[in-house]
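Notes for the structure review
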Amino acid sequence: MTAGLVGVIVLAAGASTRLGQPKQSLPYGDSTLLAHAVAAALNARLGPVLVVLGAHGPELAQALPSGAVAVHNPDWQEGMASSIRAGLAALERGWPQAAAAIVMVCDQPSVSAGLLRRLVAAWRQGSAAAVACQYGDTVGVPALFSRSLWPELMALRGDRGAKSVLERHRERLLLVPFPEGALDIDTPEDWQRLQRQRPAAAPPGP
């Protein structure tokens, strides 16, 4: 059985150019997309919750739920890889005993505390190097990476996310079904589809 502290890194540094407005601040339920994602991470009670910010950072930092740690990514314009590196570096500095990290984004509204706990439960029960969500015909975030994979995440550059690391270790990868994960908010059409689908926000808890 695998043990150890698990940190959660919420990637929220982008400028949302395709959407035309900051997706982090879009209203969702009684808060925002970003606050909803962070609340799910906090409610999972796994370990520290680090929110990587870049574009619109000061305003977003002020609105974070209590308990979350804001991490500034000065290189956010490079792309997602820089935010993964910034989050992991902050986790290593502040919590050197951490054994794994969950990487998640702020624009998958169906992410819940229960889903994050399922990732950790799957990791603790086996010898997997990573645990990822499965939706559509792909795998992706939220995804848990054991510490042994952190050097590969730190080597990422540009707008590449963590999927390449997951693919490289498919033989040591566990999957958790998350069909709702196929919906993320990148375009105005995505936002309109979300508004049509739900009368109210799904709770960030279990």
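Attention in this report is confined to the structure presented alongside it. (Residues numbered from 1 in each chain as written. Predicted model: local features only at pLDDT ≥ 70, side-chain atom pairs only at ≥ 80, totals over all residues. Heavy atoms only, no water.)

1. Structural notes on the environment of Glu-167
- Along the chain, Glu-167 falls in helix α6 (residues 163–168).
- We classify Glu-167 as partly exposed; its relative accessible area is 37%. (Helix = DSSP H or I, 4+ residues; strand = E, 2+ residues; numbered from the N terminus. Buried < 20%, exposed > 50% of the residue type's maximum accessible area, 1.4 Å probe, protein only.)

2. Thoughts on helix α4 (residues 113–125)
- The terminal C-alpha atoms of α4, which comprises 13 residues, lie 19 Å apart, in line with the 18 Å expected from a rise of 1.5 Å per residue.
- Among the residues of α4, Ala-113, Gly-114, Leu-115, Leu-116, Leu-119, Val-120, Ala-122 and Trp-123 are the ones counted as buried.
- Where α4 is buried, its residues touch β1 (5–12), α1 (33–44), β6 (98–105), β7 (130–135), β8 (138–146) and β9 (173–177). (Expected span 1.5 Å × (residues − 1). Contact = heavy atoms within 4.5 Å.)

3. A look at the environment of Leu-50
- Mapped onto the fold, Leu-50 is located in strand β4 (residues 49–53).
- Placed 43 residues apart in sequence, Leu-50 and Gly-7 show a C-alpha to C-alpha distance of 7.6 Å.
- Excluding its chain neighbours within four sequence positions, the residues that come into contact with Leu-50 are Val-8, Ile-9, Val-10, Val-69, Val-71, Gly-87, Ala-90, Leu-91 and Trp-95.

4. Notes on helix α3 (residues 80–94)
- Taking 1.5 Å per residue, 15 residues should reach 21 Å; α3 reaches 21 Å between its end C-alpha atoms and fits that length.
- Against the buried residues of α3 lie β1, β4, β5 (69–72), β6 and α5 (150–154).

5. Considering unusual backbone geometry
- The omega torsion across Val-141 and Pro-142 is -5°, close enough to zero to call that bond cis.
- Relative to the assigned elements, Pro-142 resides in strand β8.
- The residue Arg-45 is not glycine, and still its phi comes out positive at about 55°.
- Looking at where Arg-45 falls in the secondary structure, it is placed in the loop between α1 and β4.
- A positive phi is found at His-56, a non-glycine position, where the angle reads about 60°.
- By secondary structure assignment, the location of His-56 is in the loop between β4 and α2 (57–62).

6. Here's the deal with the packing of aromatic side chains
- The full count for this structure, using the stated rule, is one aromatic pair.
- Where Tyr-135 meets Phe-178, the ring centres are 6.2 Å apart and the plane angle is 85°; that geometry is what we call edge-to-face. Of this pair, Tyr-135 sits in strand β7 while Phe-178 is found in the loop between β9 and α7 (188–197), placing the two residues 43 residues apart along the sequence.
- Judged by relative accessible area, which is 12%, Tyr-135 ranks as buried. (Phe/Tyr/Trp six-rings, centres within 6.5 Å; stacked < 30°, edge-to-face > 60°.)

7. A short note on the nonpolar core
- Of all hydrophobic cores here, the largest spans 66 residues; its most connected members are Val-10, Leu-34, Val-51, Ile-102, Leu-116, Phe-145 and Leu-153.
- Residue contributions to this core peak at eight residues, all from β6.
- If sequence neighbours within four positions are ignored, Phe-145 has contacts with Ala-100, Ala-101, Val-103, Ala-129, Ala-130, Trp-150, Leu-153, Ala-162, Val-165 and Leu-166. (Core = buried A, V, L, I, M, F, W, Y, C linked by side-chain atoms within 4.5 Å.)

8. Focus: the packing of α1 against α4
- Their axes nearest at 8 Å, the elements α1 and α4 cross at an angle of 50°. It follows from the interaxial angle that α1 and α4 lie oblique. Where α1 crosses over α4, the handedness of that crossing is right-handed. Contacts between α1 and α4 involve Ala-40, Ala-41, Asn-43 and Ala-44 from the former and Ala-113, Leu-116 and Arg-117 from the latter.
- Considering only residue class, the contact of α1 with α4 consists of five nonpolar, one polar and one charged. (Axes fitted to C-alpha atoms, helices over the stretch in contact; angles between N-to-C directions. Parallel < 35°, antiparallel > 145°, perpendicular 65-115°, else oblique. Left-handed = near helix turned anticlockwise from the far one by under 90°. Nonpolar A, V, L, I, M, F, W, Y, C, P; charged D, E, K, R; others polar.)

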